[in-house]
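# Structural overview for review
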Amino acid sequence: MSAASQDTTPREPEIELLGRIARGALWTLRGAMVAGGLFALGHATWGWLAPAPAADPEAPAASLSGVVWLCIGLPPLLPVRVWFGPWRWPLLAGLALLWFVPTALGPDIEYGWILRTFATGVALSVLLVWRTAIGLVRPAAS
């Protein structure tokens, strides 16, 4: 009975104001994450379009380093509900392909898959923190 009464009682104005400020700050942070994701995808695209240096044939291909930027840039661009919703398994399978397929393609660095997996893990953990923080400042049901 007390849970039902807590849902209907309005919050104090100070709490509502702090919630609006926190939501604004979190949406600004989300915008920065999307901008960072767009930058990473742009950097990956630029790496794929740039000519490869011919001086060192043993150096990793520019396209393979672009995959690292792709692994960093993709998670912040899609909404959190997509990554942690029903589409999570196909998306994680696609990321697994991005982690391991470049290793089979040729001049990848020795542990490049670890770098790509770490980049994706960092991006997804930021999104998990985002989902938790935005859930804490949701407005009360009226």
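Look a little higher up for the structure.
Report on the accompanying structure. (Residues numbered from 1 in each chain as written. Predicted model: local features only at pLDDT ≥ 70, side-chain atom pairs only at ≥ 80, totals over all residues. Heavy atoms only, no water.)

### Considering helix α5 (residues 88–104)
Our working rule: A run of H or I in DSSP counts as a helix once it spans at least four residues, and a run of E counts as a strand once it spans at least two, with each numbered from the N terminus. By definition here, a helix of n residues has an expected span of 1.5 Å times n minus one. Only protein chains enter the calculation, and the probe is 1.4 Å; a residue is then buried if its accessible area is under 20% of its type maximum, exposed if over 50%, and partly exposed in between.
Relative to the 24 Å expected for 17 residues at 1.5 Å per residue, α5 spans 25 Å between its end C-alpha atoms, a close match to the ideal helical length. Leu95, Leu98, Trp99 and Pro102 are the residues of α5 that are buried.

### Focus on the packing of aromatic side chains
Each pair of aromatic rings is reported with the distance of its centres and the angle of its planes. Under the convention used in this document: Only Phe, Tyr and Trp rings take part, Trp by its six-membered ring, and two of them pair if their centres are within 6.5 Å. Stacked means planes under 30 degrees apart, edge-to-face means over 60, and tilted covers everything else.
Scanning all chains against the criterion turns up 2 aromatic pairs. Arranged with centres 5.2 Å apart and planes meeting at 75 degrees, the rings of Trp27 and Trp130 form a pair that is edge-to-face. Taken as a pair, Trp27 in helix α2 (residues 13–49) and Trp130 in helix α6 (residues 112–136) lie far apart in primary sequence, 103 residues in all. With centroids separated by 6.2 Å and ring planes inclined at 90 degrees, the aromatic side chains of Trp99 and Phe100 adopt a geometry described as edge-to-face. Overall, the relative accessible area of 16% leaves Trp99 in the buried class. Phe100 sits in the partly exposed class, given a relative accessible area of 43%.

### A word on α2
The periodicity of an α-helix, 3.6 residues per turn, causes residues three or four places apart in sequence to face the same way. Its 37 residues place the ends of α2 54 Å apart at the C-alpha level, agreeing with the 54 Å of an ideal helix rising 1.5 Å per residue. All of the buried residues in α2 are Gly19, Arg23, Leu26, Arg30, Met33, Gly37, Ala40, Leu41, Ala44 and Gly47.

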